[in-house]
Amino acid sequence: MATYLVNTFKRLALSERGTTTGAALRLIAAANLHTGNALAKNWNGHNTGPQRWLQYNKVIYPPQQPDDQPRPAYVCHQKTNIKYSPKKMWYVASFVRGMSVDEAIKQLSFIDKQGASYVKEAILEAVDMAVKRHNVEYRTNLWVAESFCGKGRVFKGVRRHGRGRTGEVEYKHCHYFVRLEEGTPPDHYYQPAPKTGEQQLAEWEESMRKRKVTGSL
């Protein structure tokens, strides 16, 4: 349909000298307003995506004292403008949080989602960056400390309906962010460690001592 409109506008816009007028060019551009066209990348060419997340790799910390706990190395990485919905990417991004790098790559290989391939690729790129640029000795001694996604570009297109009507369709993109940290992953990432019976009893005794008796002095 779009090709037919473009050819029609070209035939109508040709002047006597065989050139195309400015109005005709605008009509041709309007007919090509679709995300599958090469003009889509020129809609917002100045927007190169988020850059603040990568600035954390350039942070320089002061020297530590000999008795201080060693600060673990980390690396931040991102993949921008992924042709995938951010709502769908959220499930994959939250799935790998708190996993070691090897476990995350192994689990992502068996997830039947398109976003899993993007997350797996981003983690592998971050591992190579950590070894080559951030002096991480063992590539397997890393775990996913942060993993989240954000909303990217949204291109709008036209969808044909019955009876000559049209509707609007949105082509959504997302940004994926990951931070790998050196060391072993925690045993309980989302929830705190379960309390023992002695700890629960101590908390109950403390709450009973702090209670207020109504009508007392």
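Quick caveat: nothing in here was measured; it's all calculated off a predicted structure.

In this section: the overall build of the protein chain. A count of helices and strands for the protein chain gives six helices and three strands. Relative to its full complement of 217 residues, the protein chain shows a buried share of 29%. The contacts in the protein chain between residues at least 6 apart in sequence include a share of 66% that link residues at least 24 apart. About 15900 Å² of surface is accessible on the protein chain, with carbon and sulfur atoms providing 52% of the total.

Our focus in this paragraph is the pairing of strand β1 (residues 74-82). Judged by how many residues are buried, β1 sits mostly within the fold: seven of nine residues are covered. Of the pairings in the sheet, the one linking β1 to strand β3 (residues 166-182) comprises seven bridges and is antiparallel in character. When the bridges of β3 are listed, Val75 appears paired with Leu180.

Turning our eyes to something else, we now look at helix α4 (residues 101-108). What α4 keeps buried is the set Val101, Ala104, Ile105 and Leu108. All buried residues of α4 project into a common sector of 95° when viewed along the axis, lining one side. Its buried side turned inward, α4 meets α3 (86-95), α5 (114-133), β2 (142-160) and β3.

With that out of the way, let us pick up unusual backbone geometry. Non-glycine residue Asn81 carries a positive phi angle of around 55°. Looking at the secondary structure, you find Asn81 in strand β1. When its relative accessible area of 28% is taken as the criterion, Asn81 is described as partly exposed. For Asn135, which is not glycine, the phi torsion reads 60° and is therefore positive. Mapped onto the fold, Asn135 is located in the loop between α5 and β2.

Strand order in the open sheet formed by three strands is β1-β3-β2, and the pairing between neighbours is antiparallel. Lying at the two open borders of the sheet, with one neighbouring strand each, are β1 and β2. Here the average twist between neighbouring strands, direction ignored, is 10°. Where β2 lies against β3, 16 bridges are found, and the strand directions are antiparallel. Residue pairing in the sheet places Phe155 in a bridge with Tyr171 of β3. On top of the sheet, α3 reaches β1, β2 and β3; it is set at about 165° to β2, its chief contact.

Note that Gln78 resides in strand β1. What makes Gln78 buried here is its relative accessible area of 10%. For Gln78 and Val119, which are 41 residues apart along the polypeptide, the C-alpha to C-alpha distance reads 9.5 Å. For Gln78, the side chain forms a polar contact with the main-chain oxygen of Pro50, separated by 2.7 Å.

Right, let's get into the pattern of salt bridges. This structure, assessed with the given rule, holds nine salt bridges. Residues Lys210 and Glu206 are paired through a salt bridge, measuring 3.8 Å at the closest nitrogen-oxygen approach. Overall, the relative accessible area of 64% leaves Lys210 in the exposed class. You can call Glu206 partly exposed: its relative accessible area is 36%. The network of salt bridges with common partners includes Lys79, Glu121 and Glu125.

About the thresholds
- Residues numbered from 1 in each chain as written.
- Predicted model: local features only at pLDDT ≥ 70, side-chain atom pairs only at ≥ 80, totals over all residues.
- Heavy atoms only, no water.
- Helix = DSSP H or I, 4+ residues; strand = E, 2+ residues; numbered from the N terminus.
- Buried < 20%, exposed > 50% of the residue type's maximum accessible area, 1.4 Å probe, protein only.
- Contact = heavy atoms within 4.5 Å.
- Areas by Shrake-Rupley, 256 points an atom, 1.4 Å probe, with all protein chains shown as cover.
- Pairing = 2+ DSSP bridges.
- Arc of directions from axis to C-beta.
- Axes fitted to C-alpha atoms, helices over the stretch in contact; angles between N-to-C directions.
- Polar contact = N/O pair within 3.5 Å; in protein donor to acceptor, adjacent residues only side chain to side chain.
- Salt bridge = Lys/Arg side-chain N within 4 Å of Asp/Glu carboxyl O.

No statement about biological role is implied by the geometric values presented.
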